[in-house]
Amino acid sequence: MAGTLLLVGATSDIGHAVAARYAEAGWRILLAARDPERAQRNADDLAARYRAEVALLRLDILATGDFARWLDGLPALPDTVVCAVGELGDQARAEGDLAHAEAVMRTNFLGPSLLLGLVAERFAARGSGAIVGISSVAGDRGRGSNYVYGAGKAGFTAFLSGLRNRLAKSGVRVVTVKPGFVRTRMTRGLRLPPLLTAEPSEVGRAVYAAAEGRGGDVVYVRKVWRLVMAVIGAIPEPVFKRLSL
């Protein structure tokens, strides 16, 4: 029986693909975004293509003090919550611009973690629900090319792992999805290896399968990434420091 999805990060390409997969399955969709006007196109697309029931909600992922009141104001507690918020940022800029580095870290870690933590408490009280956090392989090991973004995602991954462990007997599922490279507006202009690069629709299908098909707890959208990151993680630190990754 179809339920209600709350998708946080509704203006992102990945977020739209996730919402589309749920809409295709007949779910009601709540789209949360900092700028609902930008998300209107995605809402209209879901309604037109799938005849989905879609509602737009305003949510600033950095306004953490508003989260509890915002959740209490939802028309109903959703069955599944997917957080697709992400900010790649500019590594070179972040090295000297503390405000930029802080924004990247808060967007990828602090905001999503605090929001999903509150969702988890409400789901645990009900005894059911699925929480999906879209993290990144960049958080598996810090690399010189993107360690500010990677640090945020590493924190988010650790938070989801701990939340999953704590709620293991509560009836609430917590899933971590690591897409790897994805062809989106955020990565436009980057040279991406085809074997390691997913389409947003792949991520959408992976999220739905993991959350609603009772799949794995930690999902690499393209399985080759599990091997790639295992190899990168096994490189000794003295060798790793000499690499340009």
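Before any of the text, the structure's been laid out above.
Nothing here was measured: the structure is a model prediction, and the numbers come from that model. Just so you know, the residues in each chain are numbered from 1, in the order the chain's sequence is written. Predicted model: local features are reported for residues with pLDDT of at least 70 only, side-chain atom pairs are reported and counted for 80 or more only, and whole-chain, interface and lining totals are derived from all residues. As a convention, hydrogens and water are excluded, and side-chain values are obtained from all of the structure's heavy atoms.

Peer 1: Talk me through the environment of Glu 37; I want residue IDs and the actual numbers.
Peer 2: In DSSP terms, a helix is any run of H or I states spanning at least four residues, a strand is any run of E spanning at least two, and both are numbered starting from the N terminus. Summarising the element assignment, Glu 37 is placed in helix 2 (residues 36-50). Exposure is judged per residue with a 1.4 Å probe applied to protein chains only, and the accessible area is read against the type maximum: over 50% gives exposed, under 20% gives buried, and values in between give partly exposed. Glu 37 sits in the exposed class, given a relative accessible area of 68%. For the pair Glu 37 and Leu 57, spaced 20 residues apart in the sequence, the C-alpha separation amounts to 9.9 Å.

Peer 1: Which residues make up the pattern of salt bridges, and what values go with them?
Peer 2: Salt bridge criterion: a side-chain nitrogen from Lys or Arg within 4 Å of a carboxyl oxygen from Asp or Glu. In total, this model carries 11 salt bridges according to the counting rule given. Note that Arg 141 is salt-bridged to Glu 237, the shortest N-O span being 2.5 Å. Of this pair, Arg 141 sits in the loop between strand 5 (129-134) and helix 6 (147-166) while Glu 237 sits in helix 9 (residues 237-240), placing them 96 residues apart in sequence. What makes Arg 141 buried here is its relative accessible area of 13%.

Peer 1: I'd like to hear about the sheet that holds strand 1 (residues 4-8), residue by residue, with values.
Peer 2: The sheet built from seven strands is open, its strands ordered 3-2-1-4-5-6-9 with parallel pairing. Each end of this open sheet is capped by a strand with a single partner; those strands are strand 3 (54-58) and strand 9 (218-220). Strand-to-strand twist of the sheet, defined as the mean angle between neighbouring strand axes without regard to direction, takes the value 20 degrees. The criterion for strand pairing is that DSSP finds at least two bridges linking the strands in question. The pairing of strand 5 with strand 6 (residues 172-178) spans six bridges and is classified as parallel. Bridged to Ile 134 within strand 6 is Val 177. Across the sheet, helix 1 (residues 13-24) is in contact with strand 1, strand 2 (28-33), strand 4 (80-83) and strand 5; its angle to strand 1 comes to roughly 175 degrees. Contacts from helix 2 reach strand 2 and strand 3 within the one sheet, and its direction differs from that of strand 3 by about 170 degrees. Geometry is summarised by axes, namely lines fitted to C-alpha atoms with helices restricted to the contacting stretch, and by angles between N-to-C directions that run from 0 to 180 degrees. Contact criterion: two residues are considered in contact whenever any of their non-hydrogen atoms come within 4.5 Å of each other.

Peer 1: With reference to specific residues and values, describe the packing of helix 1 against helix 2.
Peer 2: Relative to each other, helix 1 and helix 2 sit at 25 degrees, their axes nearing to 10 Å. In this view, helix 1 runs roughly parallel relative to helix 2, as classed from their interaxial angle. As helix 1 runs across helix 2, the sense of the crossing is right-handed. In contact with His 16, Ala 19, Ala 20, Ala 23 and Glu 24 of helix 1, helix 2 contributes Asn 42, Asp 45, Leu 46, Arg 49 and Tyr 50. Lys, Arg, Asp and Glu make up the charged group, whereas Ala, Val, Leu, Ile, Met, Phe, Trp, Tyr, Cys and Pro make up the nonpolar group; the residues left over, Gly among them, are polar. Split by residue class, the contact of helix 1 with helix 2 holds five nonpolar, two polar and three charged. Here is the rule for angles: anything less than 35 degrees is roughly parallel, anything more than 145 is roughly antiparallel, 65 through 115 is roughly perpendicular, and the remaining ranges are oblique. Left-handed describes a crossing whose near helix is turned anticlockwise from the far helix by less than a right angle; the clockwise case is right-handed.

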